[in-house]
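Report on the structure
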Amino acid sequence: MPLLVINGDLIASRAYGASAAARLLAGVIREVNGKFTGALAVPLRVVRGDAFQGVAKADSAMKVVFFLQARLVVGSNGRLLSRFGMGIGAIDQNLEGFSDPALLTGPAFVAAAAALEAARKKKRQLVLESPDKRSAAAANGTFGLVEFVWDRWSPEVWRRALRYDELEDVGLLAAELNVSYQAVHKQLHRRGVLAVRQALSGVTELLKGGSGD
């Protein structure tokens, strides 16, 4: 299974308040590490207060990214987002026993750093670098559409999108919200939640076939 190095940092953390942003990020990272233990080859770790890094398995990386972004948006009431630079490639070390991604090296880390820099320059939230340039181009094109859709979500839509991602069942979500199946499905469809989920699932299939050790 290929591995994906994830580098990220907060967007507009100064406007939100650097200390408050750092506290929120630290809490979200703890949530991610607790929820996705089996999906992370190396847990995410906060760097310099408003940045983070870790290593995820390719079949679960998009769920990690989506959850992290959603929790930041909901926790900040729509005022904070993160950008992600993701890299596929070889990692020099055997990851068993490693808990600090800063101690690791390899082409995947170089790719993730380049992807994060590209995200900053292009004002993007999701950028992937991979030895498979066609897969990277397909993923980055999909990410552009995903960002276009979710940038229009309110915190409440993010909250429902996140819960739907966890439940994977419209009926269960409708029962939780005490509204009709039709009403929930209509909102998820109209807001593009179902389309974003399908798009990120497609990227997952690309990543599973990507290059890596």
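Everything quoted here is computed from the prediction, not taken from an experiment. (Residues numbered from 1 in each chain as written. Predicted model: local features only at pLDDT ≥ 70, side-chain atom pairs only at ≥ 80, totals over all residues. Heavy atoms only, no water.)

Here we look at the packing of aromatic side chains
- Under the counting rule described, the total for this entry stands at seven aromatic pairs.
- With centroids separated by 5.5 Å and ring planes inclined at 70°, the aromatic side chains of F36 and F67 adopt a geometry described as edge-to-face. With F36 in the loop between α2 (18-35) and β2 (40-47) and F67 in helix α3 (residues 61-75), this residue pair connects regions lying 31 residues apart in the sequence.
- Taking relative accessible area as the criterion, F36 reaches 11% and is therefore assigned buried.
- Take F67: its relative accessible area is 5%, and that puts it in the buried class.
- Aromatic side chains F66 and W150 sit 6.2 Å apart centroid to centroid with 50° between the ring planes, which places their arrangement in the tilted category. Here W150 lies in helix α5 (residues 133-150) and F66 lies in helix α3, a separation of 84 residues in the sequence.
- The class of W150 is buried, set by a relative accessible area of 2%. (Phe/Tyr/Trp six-rings, centres within 6.5 Å; stacked < 30°, edge-to-face > 60°. Helix = DSSP H or I, 4+ residues; strand = E, 2+ residues; numbered from the N terminus. Buried < 20%, exposed > 50% of the residue type's maximum accessible area, 1.4 Å probe, protein only.)

Honestly, that's just the spatial picture; any functional story needs more than this.
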